[in-house]
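# Structural characterization, general
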Amino acid sequence: MDTIVYTWNGFLRSESIFSFLEWGESHASPLTWNYPCTSYVWLVILVPSYLLLVFIGRTVMEKRPALNLVGVKRVHNVFLCALSAYVLAGTVREALRRQYKMIGNPVESS
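For the structure given in this document, a descriptive report is provided here. (Residues numbered from 1 in each chain as written. Predicted model: local features only at pLDDT ≥ 70, side-chain atom pairs only at ≥ 80, totals over all residues. Heavy atoms only, no water.)

Once that is clear, we can look at the overall build of the protein. On a plain count of helices and strands, the protein comes out with four helices and zero strands. Going residue by residue from the N terminus, the α and β elements of the protein occur as α-α-α-α. The proportion of buried residues among the 110 residues of the protein is 9%. (Helix = DSSP H or I, 4+ residues; strand = E, 2+ residues; numbered from the N terminus. Buried < 20%, exposed > 50% of the residue type's maximum accessible area, 1.4 Å probe, protein only.)

Shown next as C-alpha cells:
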C-alpha cells in the first residue's frame, strides 16, 4: 500500500505525464532498470488505459450485432493447447535432466 501512495504522491507532484514517467524511471529497481515496463509507473498508466478501452469498446459494441468468432476461438484454443503441451514437455525434460524428485530436492543457493 505504501508503494501506491508513494506513486500517487509522485504523480501529484509532477508537472506533466512526461515528468511523471521520468520520476518513475529514476525510482525504478536497480535490478530491473533496463527492462521495459518494469516501473510501477507503467502500471498506473496502463491499467486505467485498459479499463477506459474496455468501457469505450463496450459502449460502441452495445448497439451492434454480435460477431461470429467460432473459428477464431477454435484456432486460439488449439494454439493454447499446443503451447501448454510445449511448456509441459520442456518442464518434464528439464526435471528429468536435472533428476528432480517430488520431495527432497537439494536447495540451490545461486
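That shown, we press on.
Throughout the structure, instances matching the rule amount to two salt bridges. Residue Glu-94 pairs with Arg-97 through a salt bridge whose shortest N-O separation is 2.5 Å. Here Glu-94 and its partner Arg-97 are both found in helix 4 (residues 70–97), three residues apart, which amounts to about one turn of the helix. According to the relative accessible area criterion, Arg-97 is exposed, its value standing at 52%. In this structure, the salt-bridge partner of Glu-94 is Arg-98, at a minimum N-O distance of 2.8 Å. (Salt bridge = Lys/Arg side-chain N within 4 Å of Asp/Glu carboxyl O.)

We now examine unusual backbone geometry. The backbone of Gln-99 sits at a positive phi, close to 55°, despite the residue not being glycine. You can see Gln-99 is positioned in the segment after helix 4.

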